[in-house]
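Below are the chains, spelled out letter by letter.
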Amino acid sequence: MNAFELALPDTLAGAVSLLDPEDPTIRVMSGGTALMLMMKTDVFHPTQLISLRRIEPGYSQMGLLPDGSFRIGAMSTLSDMEHDDALAGFAPVIRQTMKLLSNVRVRNVATVGGALAHGDPHMDLPPVLVALDAQVVTISPEGERTIPVAELHAGYYETILSGNELIKEVIIPPQHARRASYLKCTTRAVKDWPALGVALTTDLDGDTARDTRLVIGAVGEKPIRVAEAEAVIDGQILSDKTIAEAADAAAESVETIEDELGSAAYKTQLVRVYVKRALQQVANQNA
Amino acid sequence: MKDVMTQTIDFTLNGKAVSAEIQGHWTLVDLLQQGFDLYGARQSCGQGLCGCCTVVLNGKPVSGCLFLAALADGATIETIENNEETLDPVQEAFIEAGAFQCGFCTPGFVLMTRQLIAEIPEPSEEEIRLYLTGNLCRCGTYPQIIEAVQKAAARMRAA
Ligand SMILES: Cc1cc2nc3c(=O)[nH]c(=O)nc-3n(C[C@H](O)[C@H](O)[C@H](O)COP(=O)(O)OP(=O)(O)OC[C@H]3O[C@@H](n4cnc5c(N)ncnc54)[C@H](O)[C@@H]3O)c2cc1C
Ligand code: FES
Ligand code: FES
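Given the structure is predicted, the values throughout are model-derived calculations rather than measurements.

Engineer: Any details on the environment of Tyr266 of chain A? Residues and values, ideally.
Structural biologist: Residue and element names in this part refer to chain A. Secondary-structure assignment places Tyr266 in helix H12 (residues 264-284). Take Tyr266: its relative accessible area is 36%, and that puts it in the partly exposed class. For the pair formed by Tyr266 and Glu56, sequence separation is 210 residues and the distance between their alpha carbons is 45 Å.

Encoded structure:
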């Protein structure tokens, strides 16, 4: 690692003011799990790191908002999210996802802000938050804005955030009776980085599926929402036939890219198999 | 390493208030080894995967290899050296079960096991495997480790 300066501002706004959109060597560090790896492997050489560890404690907290949505401060750790009972009641899929995400020590340190801003397509939480229709609220010198997580990622390790824009919080809308599932396929160990992730939410009020959101992670440059498969599902009862058709539609429409965890053809087959399993799981969940 | 920036941090180490002069790029492993001659947390993978560098920071286990020492200012750190005089039930169970060969991974496993039992007093084998997937034993003593965890948990429940 090279020499760098470390700043510890005590407000998020203070952190924003230290950033320079022209200078990518000045970066905020939340948990630092991703940045430390990049620094240790000489991929990233910061001149200044701005740690968010001392910012207002409210950014490490989460809870229900009066309008029924759920707010998660950007500095909440993945462990905080895993153990929060209110969040588990609101969206049980998050706790399920955490159990198989990396390991206890990484989850104790990594934050939701970092997990979303990092932009590595091989991550579990982004597709889940897209399926839950979550939004991020950001802060920059221009003020605040709200961005659907579905629009946050622009490409491989790229987000649409500007160089001096930080994620403040994540907001998940009320899920009512929506059902959700996240399935992860790993090719080495259970808690490895995903070779494929399938996140699914749907409304099964009555037996008919509505407003399905199907999102595939780890097969392309960013999480991919599969409108073609959603169209097959919506308005239908989740019968074996519908499920098989949706799985085929997903496999046909999602463009997969080869990586160290599998070839493109292998990933396409994974899409077919795991979309089917996710739909079966949702169909069999107790309402 | 061309880093020459140094700074002083104050923190609590195994129950004692300490301060240390550190370099900006130091991790917690560097801090413990170079600042305090403590070698229980050791770097192996250096990537957060294996748990050999486990330290307990503000009550939670973290990978010392991925955490900047400078950020430990004001923190409470516990290492495997925190009970040098006596063995705790987890350490005793590891010895009785023969849950190590070379011992390189053992400090990490012991610290993680303490946390595991605090969170799940009666862990099933599956829960143990899941909780400890981020700890690797290159000697492959996993069956004995699981036995040790169960033994320690049973003893701590009885106590
Ligand atoms: C051993 C290991 C295994 C892993 N396995 C998995 C896995 O199986 N699945 C998975 O999903 N992930 C996995 N990860 C990745 C992990 O989820 C990320 O490293 C973590 O979520 C990043 O969060 P952080 O707070 O540590 O980010 P940091 O390292 O602090 O930051 C990451 C990036 O986000 C930026 N950033 C941080 N906070 C904000 C903010 N509030 N606003 C704007 N930008 C911000 C930083 O500038 C940086 O560019 C693994 C990591 C490790 C080390
Ligand atoms: S050396 Fe830190 S986890 Fe392996
Ligand atoms: S005892 Fe040798 S690595 Fe575990």
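Having seen the structure, we can now continue with the description.
Engineer: Describe the interface of chain B and chain A, and please don't skip the residues or the numbers.
Structural biologist: In this assembly, 34 residues from chain B lie in contact with 29 residues from chain A. Between chain B and chain A, a total of about 2500 Å² is buried, with carbon and sulfur atoms accounting for 64% of that surface. At the surface where chain B touches chain A, the tally comes to 1 salt bridge. As a salt-bridge pair, Lys60 of chain B and Asp80 of chain A come within 3.9 Å of each other at their nearest N and O atoms.

Engineer: Help me get a handle on the packing of helix H2 (residues 89-97) of chain B against helix H3 (residues 106-119) of chain B, residues and values and all.
Structural biologist: A pair of packed helices is captured by two measures, namely the crossing angle of their axes and the spacing between those axes. Residues and elements named next belong to chain B. Where H2 contacts H3, the two axes come as close as 9 Å, and the packing angle between them is 125°. It follows that H2 is oblique to H3 by the angle criterion. As H2 runs across H3, the sense of the crossing is right-handed. Every residue of H3 that contacts H2 at Val90, Gln91 and Phe94 is listed here: Thr106, Phe109, Val110, Thr113, Arg114 and Ile117. Grouping the amino acids of the contact of H2 with H3 by side-chain chemistry returns 5 nonpolar, 3 polar and 1 charged.

Engineer: Provide a residue-level description of the sheet that holds strand E13 (residues 210-217) of chain A, including the pertinent values.
Structural biologist: Residues and elements named next belong to chain A. The strand order across the open sheet formed by 4 strands is E11-E12-E13-E14, and the pairing between neighbours is antiparallel. Edge positions in the open sheet fall to strand E11 (179-185) and strand E14 (224-225), since each of these has one partner strand only. Note: E11 against strand E12 (residues 196-203), 7 bridges, orientation antiparallel. Its bridge partner being in E12, Ser181 is matched across the sheet by Leu200. H12 contacts E11, E12 and E13 of the sheet and is inclined by roughly 150° relative to E11.

Engineer: Mind laying out the pattern of salt bridges, listing which residues take part and the relevant values?
Structural biologist: All names here are of chain A. Under the counting rule described, the total for this entry stands at 19 salt bridges over all chains. Taking the shortest distance from any N to any O, the salt bridge between Asp85 and Arg95 comes out at 2.8 Å. With Asp85 in helix H4 (residues 85-90) and Arg95 in helix H5 (residues 92-99), this pair connects stretches of sequence that are 10 residues apart. For Asp85, a relative accessible area of 58% corresponds to the exposed category. With its nearest N and O atoms 2.6 Å apart, the salt bridge here joins Asp259 to Lys267. Residue Asp259 shares its accessibility class with Lys267, and that shared class is buried. Salt bridges linked by common partners bring Glu82, Lys99 and Arg107 together as one network.

Engineer: How would you sum up the sheet that holds strand E5 (residues 76-78) of chain B? Please name residues and give values.
Structural biologist: Residue and element names in this part refer to chain B. Ordered by their spatial adjacency, 5 strands build an open sheet running E2-E1-E5-E3-E4, and the pairing between neighbours is mixed. Of all strands in the sheet, those with a lone pairing partner are strand E2 (16-23) and strand E4 (60-63), marking the two edges. The average angle at which neighbouring strand axes cross in this sheet is 45°, direction not considered. When strand E1 (residues 6-13) meets E5, the two strands line up parallel, connected through 2 bridges. Within E5, the position partnered with Thr12 by the bridge is Thr76. On top of the sheet, H3 reaches strand E3 (54-57) and E4; it is set at about 40° to E3, its chief contact.

Engineer: Go over the side chain of Arg42 of chain B with me, naming the residues and quoting the values.
Structural biologist: Residue and element names in this part refer to chain B. Position of Arg42 among the secondary structure elements: in the loop between helix H1 (28-36) and E3. Nearest to the buried, unbridged Arg42 among oppositely charged side chains is Glu81, at 6.7 Å. Every residue in contact with Arg42, bar those within four places of it in the chain, is listed here: Val29, Gln33, Cys52, Cys53, Gly103, Phe104 and Pro107.

Engineer: Before we move on, could you go through the domain arrangement of chain A and cite the residues and values that matter?
Structural biologist: All names here are of chain A. Taken as a whole, chain A is organised into domain 1 (5-51), domain 2 (59-172) and domain 3 (179-284). A straight line from the C-alpha centre of domain 1 to that of domain 2 covers 19 Å. Summed over both partners, the interface of domain 1 with domain 2 comes to about 1100 Å²; 82% of that surface belongs to carbon and sulfur atoms. When the buried surface of domain 1 facing domain 2 is broken down by residue, Leu12, Val16 and Ser30 rank first, second and third, together holding 45% of it. On inspection of domain 1 and its partner domain 2, the count reaches 0 salt bridges. Those elements that provide at least two residues to the side of domain 1 that touches domain 2 are helix H1 (12-18) and helix H2 (33-40). Taken together, the residues of the side of domain 1 that touches domain 2 sort by class into 9 nonpolar, 3 polar and no charged.

Engineer: Tell me about the site of ligand 1, and name the residues and values.
Structural biologist: By nearness alone, 33 residues border ligand 1, and Val28, Ser30, Thr33, Thr111 and Asp124 of chain A come closest of all. More than a single chain frames ligand 1: its nearby residues are located in chains A and B. One nitrogen or oxygen atom from the main chain of Gly32 of chain A is found 2.8 Å from an oxygen atom belonging to ligand 1. When the free accessible area of ligand 1 is taken as 970 Å², the share hidden by the protein chains comes to 96%. Those elements giving two or more residues to the shell around ligand 1 turn out to be strand E2 (26-29), H2, helix H7 (112-117) and strand E10 (166-172) of chain A.

Reading the values: rules and limits
Residues numbered from 1 in each chain as written. Chains lettered and ligands numbered in written order. Predicted model: local features only at pLDDT ≥ 70, side-chain atom pairs only at ≥ 80, totals over all residues. Heavy atoms only, no water. Helix = DSSP H or I, 4+ residues; strand = E, 2+ residues; numbered from the N terminus. Buried < 20%, exposed > 50% of the residue type's maximum accessible area, 1.4 Å probe, protein only. Contact = heavy atoms within 4.5 Å. Buried area = accessible area lost by both parts, 1.4 Å probe. Salt bridge = Lys/Arg side-chain N within 4 Å of Asp/Glu carboxyl O. Axes fitted to C-alpha atoms, helices over the stretch in contact; angles between N-to-C directions. Parallel < 35°, antiparallel > 145°, perpendicular 65-115°, else oblique. Left-handed = near helix turned anticlockwise from the far one by under 90°. Nonpolar A, V, L, I, M, F, W, Y, C, P; charged D, E, K, R; others polar. Pairing = 2+ DSSP bridges. Lys, Arg positive; Asp, Glu negative; His and termini not counted. Domains from an automatic or database assignment. Near = heavy atom within 4 Å. Polar contact = N/O pair within 3.5 Å; in protein donor to acceptor, adjacent residues only side chain to side chain. Areas by Shrake-Rupley, 256 points an atom, 1.4 Å probe, with all protein chains shown as cover.

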